[in-house]
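Close look at the chain arrangement
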Amino acid sequence: MDKRFARKLIGVFVICAALVSVSATPGAAAPDADTTGAAAVGAAAVGAAAVGAVTVDNLGPASAVTSTSVAEQVGDRIWTVTSGVSPIQVGAFDPVTRTVDRKITLPTGAGAWAMAHLGADLYVGLYTPGDLYRIDTVSGSATKVAQFGSFIWSIAATPDGKIVAGTYPDGAVHEYDPATGTTKTYGAAVPGEQYVRSIAADATTIYAGVGTKAHLIAIDRATGSRRDVLPAAYADRTFVATLSLSGTTLAAGLSPTGTMLVFDTADLSNPVEVQTPGGDQYVTAITIDAPTGDVYLGTRPSGTLYRYADSTLERLGSPYDGAYFNRIFVDGSTIRAELTSQVVEFDQTSGTFTGTDLGTAGLPPAPEQAMGIAATSTSVLVSGKAGIQVHDLATGTNTRTFLPGEAKTLTPVGRDVYLGVYTLARLWSMKPDGTGLHELSRIGNEQTRPTDEAYDARSRTWLLSTEPDYGKYDGTLTEHYLDTGELEVHRGVVPQQSVRSVATQDGVAYLGGATRNSLGTDPILPEATVVAFDRSRNRTLWEVAPLPDAQSYSDVLVYRGRLYATTDDGRLAVLDPRTGKVLSTVAIGTGQSRLTIARAGLFGTDSKRVFQVVPSRSGPPAVTTVVDGLATQVYGYPLITTSHTGDALYTIKGRDLVRIGNLPGEK
């Protein structure tokens, strides 16, 4: 059965990626439900335009979010910045009034992971591009002072008033001097590594946390000489992802084992290991309380706050399951933390958290780059950062459901929607209206990013393809049997590649590979392959490389007895699903594309346009444009899905959700 089209009249299901959202309430619970832009998305079509017989109805922002990734305290304000929205907003949160009382718009960048301050000057490091801004928190002025490539992962202030930065993909360390306005570079921290994910500095040394093969590099600021101070016992970790420095105490968080190392910078050779319990994989925030020397840390995926003092790790609590601590602030007996979309305060006496949603505090949701899309009989779901936007088809309103992660795939099955969630390749389910969200399982096997999905109705099996964790090799095909909850994970089923796409029919899974196994790895193979895998016998039927030099198959789909496979460089191959023989090929664009089946035929999008693919009895299929000028802004793959009844398509135009009706039939 095809993975993307469900039509009641003929019993064929569309299985597409889709997402739903619900809002967040203030308090110590998980962000729960906040209505966004209901008026803008009303039940009536907004801006309907006809293109011949085809209609395009704009339904308003596809997904809107207040999502942050970093924070810094300057004076009595906690400053943070939105990510994944445009333009990005820097906001100052007042813990007393619990409001965002100052906002500054930055003209460039897609978001930020890096903040530091020198006196009243706040520095913000952006990504795409890697611009460095100085914000005068007194006057509110913002000035771009430097650019370090395409992505600044981390910045820190030095005692002598400079800013040091760690960047991607050059894996380098840079320095900016506010006194002279000049920059310098220390070059790659570790040759061949792409990420300086964390950074700290004292008067003499810069400490750079590196991945995807973990290193902790101490760089002499005067000479540029360097040494790796991470003990060899931890060389199998992927990242030194978090650093905090106070006096001579340096704390480092290691992924993916949720380990913290505490160093004395006077003697870096013998750190103390602190292992967080319960299977947490990430230490996302570390703060050292200077007066006491106590170390506070937050972990994922449990979302737990800990205190390490007197050689003892103490669990303080969790504001909600899956909380992501961006930054922890300690002010005497008061502990605050900035999370994905909240600022929480921890009461040490009662052991409880009180939270304030940043959206309601004055940093309102804004349209984001969507990550997934799906349609049910009652809703269209669009996923993004930390949530799913649920568009109610009956009322035209929409809400947001909080999700501790990013739903990369959405699979409607009956009265449920199944989600493949990044990070940690977690499996969740919920109802089409965004309620009932709960975790089902985790794929494990060093996998982190779901890439595609399919559903086999005969065996009630949900299939997911995945990409491994940073620096790891071999993706998986995972079969989740809905009736029993059992998981069957096939790693390396597409040899020496990650698995980018999946379709299924008659007990066979068709898998599209990607030569880049994961971020931070180099391809092993010269070109990607497509695999047919017999699910009942757990064996490969055939493996072919249909198109020369193709590096990834962004989609595979079975339609009318043929297997269609699209590449990331805009080509389409039509294969015989029994043998893998290439029947024809055709150019369909210049980039990656996704396909879906509607009642009128086979359609797809490359984020520039929606096109129709009409099979030919001999020769390649005909490809014609149905709607042009989409200029889609999504995070990741192009997004398209078919309505529950099969008579329309949903896709993204700019950052808006659009419905395309009156689809042309095959001629």
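Everything here concerns the structure above.
Residues numbered from 1 in each chain as written. Predicted model: local features only at pLDDT ≥ 70, side-chain atom pairs only at ≥ 80, totals over all residues. Heavy atoms only, no water.

1. Comments concerning the overall build of the protein
To keep things clear, this is the line we draw: Each helix is a run of DSSP H or I of at least 4 residues and each strand a run of E of at least 2, with the numbering of both proceeding from the N terminus. Every radius of gyration here is taken over C-alpha atoms, with the globule rule written as 2.2 Å times N^0.38, N being the number of residues. The classification of residues rests on relative accessible area computed with a 1.4 Å probe and restricted to protein chains. Under 20% of the type maximum is buried, over 50% is exposed, and intermediate values are partly exposed. A contact between two residues is defined here by any heavy atoms of the two lying within 4.5 Å. We score Asp and Glu as negative and Lys and Arg as positive, and we do not count His or the chain ends. Charge positions are represented by NZ for Lys, CZ for Arg, CG for Asp and CD for Glu.
A count of helices and strands for the protein gives one helix and 61 strands. For the protein, the C-alpha radius of gyration of 25 Å lies close to 26 Å, the compact-globule estimate for 667 residues. Overall size of the protein, expressed as C-alpha extent along the three principal axes, is 75 × 50 × 50 Å. Sorting the 667 residues of the protein into buried and exposed places 60% on the buried side. Excluding contacts between residues fewer than 6 apart, the proportion of contacts in the protein whose partners are at least 24 apart in sequence is 49%. On the protein, the mean spot of the 54 positive side-chain charges and the mean spot of the 66 negative ones are 8 Å from each other.

2. Topic: the environment of A503
Relative to the helices and strands, A503 is located in strand β47 (residues 498–505). For A503, a relative accessible area of 0% puts it in the buried group. In this structure the C-alpha to C-alpha distance between A503 and F346, which are 157 residues apart in sequence, comes to 47 Å.

3. Some points on the pairing of strand β45 (residues 476–481)
To keep it simple, the criterion reads: Two strands pair if DSSP finds at least two bridges between them.
Within β45, six of the six residues are buried, leaving the element largely enclosed by the surrounding structure. Side-chain alternation along β45 places T476, T478 and H480 on one buried face and L477, E479 and Y481 on a second face that is also buried. Both strand β44 (residues 461–468) and β45 contribute to a ladder of six bridges, which runs antiparallel. The partner of S465 across the bridge, within β45, is L477. For β45 and strand β46 (residues 487–491), the ladder comprises five bridges, and the chain directions are antiparallel. Note on β46: the bridge partner recorded for H480 is L487.

4. What to know about the nonpolar core
Our working definition: Buried Ala, Val, Leu, Ile, Met, Phe, Trp, Tyr and Cys residues that are joined via side-chain atoms within 4.5 Å together make up what is termed a nonpolar core.
Counting 17 residues, the largest nonpolar core has Y510, V530, W542, Y553, L563 and L575 as the members making the most contacts within it. Secondary-structure elements contributing two or more residues to this core are β48 (508–514), β49 (530–534), β50 (539–544), β51 (553–559), β52 (562–567) and β53 (571–575). With three residues, β51 is the largest single contributor of residues to this core.

5. Quick look at the side chain of K408
Definition in use: In protein, a polar contact means a hydrogen-donor-capable atom and an acceptor-capable atom, both N or O and within 3.5 Å, with residues adjacent in sequence counting only if both atoms are side-chain atoms; elsewhere, any N or O pair within 3.5 Å suffices.
By secondary structure assignment, the location of K408 is in strand β39 (residues 406–413). Here K408 falls in the buried class, since its relative accessible area comes to 11%. A polar side-chain atom of K408 sits 3.1 Å from a polar atom in the side chain of E406.

6. Some words on the sheet that holds strand β35 (residues 372–375)
What counts here: Axis lines are fitted through C-alpha atoms, for helices just across the contact stretch, and the angle between N-to-C directions can take any value from 0 to 180 degrees.
Here four strands make up an open sheet; going across it, the order is β35-β36-β37-β38 and the pairing antiparallel. Two strands close off the open sheet at either side, each with one partner strand: β35 and β38 (398–402). Across the sheet, the mean angle separating the axes of adjacent strands is 20 degrees when strand polarity is ignored. Here six bridges tie strand β36 (residues 379–384) to strand β37 (residues 387–392), and the two strands are oriented antiparallel to one another. Pairing of G384 across the sheet is with G387, part of β37.

7. Overview of the sheet that holds β51
Within the open sheet, the four strands sit side by side as β51-β52-β53-β54. Their pairing is antiparallel. Strand pairing shows two members of the sheet lacking a second neighbour, β51 and β54 (582–587), which therefore form its edges. Geometrically, the sheet is characterised by an average inter-axis angle of 20 degrees between neighbouring strands, direction not taken into account. Sheet analysis places β53 next to β54, joined by five bridges and oriented antiparallel. Bridge pairing in β54 places L575 opposite V582.

8. Focus on the environment of I524
Of note, I524 is situated in the loop between β48 and β49. Along the sequence, I524 and Y473 sit 51 residues apart, while their C-alpha atoms lie 9.6 Å from each other.

9. What to know about the pattern of salt bridges
Two side chains of opposite charge can pair, provided their charged atoms sit close to one another. What counts here: Any Lys or Arg side-chain nitrogen located within 4 Å of an Asp or Glu carboxyl oxygen qualifies as a salt bridge.
Counted according to the given criterion, the structure contains 31 salt bridges. One salt bridge connects E175 with R221, and the closest N-O pair in it is separated by 3.8 Å. Taken together, the positions of E175 in strand β16 (residues 172–177) and R221 in the loop between β20 (215–220) and β21 (226–228) put the pair 46 residues apart, joining distant regions of the chain. Like R221, E175 is buried. The shortest N-O distance in the salt bridge between K431 and D416 comes to 2.8 Å. Here the residue K431 occupies a position in the loop between β41 (426–430) and β42 (438–442), and D416 occupies one in strand β40 (residues 416–422), the gap between them amounting to 15 residues. Each of D160, K162, E175, D177 and R221 takes part in a single network of salt bridges with overlapping partners.

10. Here we look at unusual backbone geometry
Cis geometry is found at the peptide bond from T128 to P129, where omega equals 0 degrees. One can find P129 in the loop between β11 (121–127) and β12 (131–136). Here the residue pair Y422 and T423 is connected by a cis peptide bond, since its omega of 10 degrees sits within 30 degrees of zero. Mapping T423 onto the fold places it in the loop between β40 and β41.

11. Topic: the packing of aromatic side chains
Spelled out, the test is: Any pair of Phe, Tyr and Trp rings, taking the six-membered ring for Trp, is counted once the centres come within 6.5 Å. Such a pair is stacked with planes under 30 degrees apart, edge-to-face with planes over 60 apart, and tilted for the rest. Two limits define a charge over a ring: the Lys NZ or Arg CZ must be within 6 Å of the ring centre, and within 35 degrees of the ring normal.
Tallied over the full model, the rule gives 15 aromatic pairs. A ring pair is formed by Y320 and F402, whose centres lie 5.2 Å apart and whose planes are at 85 degrees; its orientation type is edge-to-face. Pair noted here: Y320 is in the loop between β29 (312–317) and β30 (327–331) and F402 is in strand β38, with a separation of 82 residues, a long-range link. Like F402, Y320 is buried. Among the aromatic side chains, those forming a connected cluster through ring pairs are W113, Y127, F151, W153, Y168, Y195, F239 and Y470. One cation-aromatic arrangement involves R197 over F239; the distance from NZ or CZ to the ring centre is 4.7 Å. The ring of Y422 has R449 sitting right over it, with the charged end atom 4.2 Å from the ring centre.

12. Side note on the side chain of E338
Its location among the elements puts E338 in strand β31 (residues 334–338). This buried residue, E338, is left without a salt bridge; R327 holds the nearest opposite charge, at 9.2 Å. Beyond its immediate chain neighbours, meaning those up to four positions away, E338 contacts T68, V70, A71, T80, Y324, F325, N326, R327, F329, V343 and L358.

13. Looking at the environment of T435
Among the structural elements, T435 can be located in the loop between β41 and β42. The exposure class of T435 is partly exposed, given its relative accessible area of 41%. Sequence separation of T435 and T401 is 34 residues, and the distance between their C-alpha atoms is 7.6 Å.

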